[in-house]
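# Coordinates in review
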Amino acid sequence: SVYGVQVSPRAGIVYFARPDLRLRLAAGRTFRGPSLSDLYFPFDGFAVGNPLLRPEIAWSVDAGLEALLGGRLALRATAFWTDVRDLILWTPDPSFVFSPQNVGSASIRGGSVELEGTLAPGWRLRFSSTRMLATDGATGLDLPNRPRHVAGLALTRDLPRGGSITASAVHV
């Protein structure tokens, strides 16, 4: 690799507090080199690559729980925090030509909740909601293209001979 040997350790633990309750905790380091598009995307009038990009390095921690409620309903909740150095972010210049740039440091933190249940035999409904605050470490401003809230709803029908069909909606 052009970036040398990189180690991305991750450790986690799951504690089964009761048969219907699991607690999770994990922490780790990640490494992501720029993609070929990030580095060498040819100028097309709207975007161009950046061959001077540095790889992203991040440390993260997440904690969560999963609870079964009454046998037909599952609740999952997770809190997360990530500290990123040299985050690769596509941003426009003054003439609105997008190009990837490194953000010196960034913090991404938030939480998510998911509720999934069986409505009737063969029918499942899932609701999810994620709140996130992604900020530039130097300015304290929100990172672009990172929504503070995303919510989703999905209805799934299991098919008699295997497989399933899902209809979903996402609000950003």
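This write-up is about the structure you can find in this document. (Residues numbered from 1 in each chain as written. Predicted model: local features only at pLDDT ≥ 70, side-chain atom pairs only at ≥ 80, totals over all residues. Heavy atoms only, no water.)

### Some thoughts on the overall build of the chain
Here is the rule we go by: Only DSSP runs of H or I with at least four residues qualify as helices, and only runs of E with at least two residues qualify as strands; both kinds are numbered from the N terminus onward. In this description the radius of gyration comes from C-alpha coordinates, and the expected globular size is given by 2.2 Å times residues to the power 0.38. Type-normalised accessible area, obtained with a 1.4 Å probe on protein chains alone, sets the label of each residue: buried when under 20%, exposed when over 50%, and partly exposed for intermediate values. We call two residues contacting when some pair of their heavy atoms lies within 4.5 Å.
Counting its secondary structure elements, the chain contains one helix and eight strands. Start at the N end of the chain and walk to the C end: the helices and strands fall as β-β-α-β-β-β-β-β-β. Taken over C-alpha atoms, the radius of gyration comes to 20 Å for the chain, far larger than the 16 Å a tight globule of 172 residues would show. Dimensions of the chain, computed from the C-alpha atoms along their principal axes, are close to 55 × 35 × 35 Å. Going through the 172 residues of the chain one by one, you find that 27% of them count as buried. Within the chain, contacts between residues at least 6 apart in sequence are counted, and of these 51% link residues at least 24 apart.

### So, the sheet that holds strand E7 (residues 149-158)
Selection criterion: Whether two strands pair depends on DSSP finding at least two bridges between them. Only C-alpha atoms enter the line fits that serve as axes; for helices the fit covers just the stretch in contact. Angles between N-to-C directions range over 0 to 180 degrees.
Reading across the sheet, the eight strands line up as E1-E2-E3-E4-E5-E6-E7-E8 and stay open at both edges, with antiparallel pairing between neighbours. Two strands lie at the open edges of the sheet, namely strand E1 (10-18) and strand E8 (164-171), each paired on one side alone. Averaged over all pairs of adjacent strands, the angle between strand axes in this sheet comes to 15 degrees, irrespective of strand direction. Across eight bridges, E1 lies against strand E2 (residues 21-32) in antiparallel orientation. In the sheet register, Tyr15 faces E2, and the bridge partner there is Leu23.

### Thoughts on unusual backbone geometry
A positive phi angle, close to 65 degrees, is found at Asp86, a residue other than glycine. Relative to the helices and strands, Asp86 resides in strand E4 (residues 73-92).

### Details of the nonpolar core
For the record, the criterion: We call a set of buried residues a nonpolar core when its members are Ala, Val, Leu, Ile, Met, Phe, Trp, Tyr or Cys and they connect through side-chain atoms within 4.5 Å of each other.
Ala58, Val84, Leu87, Leu89, Val103, Ala106, Ile108, Ala134 and Leu143 together form the largest nonpolar core, which totals nine residues. Elements with a minimum of two residues in this core: E4 and strand E5 (98-120). Beyond its immediate sequence surroundings of up to four residues, Ile108 is in contact with Phe80, Trp81, Thr82, Val84, Met132, Leu133, Ala134 and Arg146.

### Some points on the environment of Arg76
This is how the line gets drawn: Here a polar contact means two N or O atoms within 3.5 Å. Within protein one must be a hydrogen donor candidate and the other an acceptor candidate, and residues neighboring in sequence count only if both atoms are side-chain atoms.
One can find Arg76 in strand E4. Of the residues examined, Arg76 reaches a relative accessible area of 24% and is grouped as partly exposed. For Arg76 and Val113, which are 37 residues apart along the polypeptide, the C-alpha to C-alpha distance reads 5.7 Å. Every residue in contact with Arg76, bar those within four places of it in the chain, is listed here: Leu65, Glu66, Ser112, Val113, Glu114 and Glu116. A polar contact is formed between the side chain of Arg76 and the side chain of Glu114, at a distance of 2.6 Å. Reaching out from Arg76, the side chain makes a polar contact with the side chain of Glu116 at a distance of 3.4 Å.

### Let's talk about the packing of aromatic side chains
Here is the rule we go by: Stacked, edge-to-face and tilted labels apply to pairs of Phe, Tyr and Trp rings (six-membered ring for Trp) whose centres lie within 6.5 Å, assigned for plane angles under 30 degrees, over 60, and everything in between, in that order.
Applying the stated criterion across every chain, the model contains two aromatic pairs. Geometrically, the ring pair formed by Tyr3 and Phe31 is edge-to-face, given 5.9 Å between the ring centres and 65 degrees between the ring planes. Remark: Phe31 occurs in strand E2 and Tyr3 occurs in the segment before E1; sequence separation between them is 28 residues. The class for Tyr3 is partly exposed, based on a relative accessible area of 25%. What makes Phe31 partly exposed here is its relative accessible area of 23%.

### What to know about a nonpolar patch on the surface
The following threshold applies: Patch membership needs two things, relative accessible area over 30% and no salt bridge, and members are linked within 9 Å if like-charged or within 5 Å if nonpolar (Val, Leu, Ile, Met, Phe, Trp, Tyr). Where accessible areas are quoted, they stem from the Shrake-Rupley method and a 1.4 Å probe; at the residue level, only the protein chains shown are allowed to cover. When a carboxyl oxygen of Asp or Glu is within 4 Å of a side-chain nitrogen of Lys or Arg, the pair counts as a salt bridge.
On the surface, Leu69, Leu73, Leu115, Leu119, Trp123, Leu125, Phe127, Leu153 and Leu155 cluster together to form a nonpolar patch covering roughly 720 Å² of accessible area. Going through the elements one at a time, E5, strand E6 (123-136) and E7 are the ones with two or more residues in the nonpolar patch. Top element by residues in the nonpolar patch is E6. It accounts for three residues. Here Leu69 shows up in strand E3 (residues 56-69).

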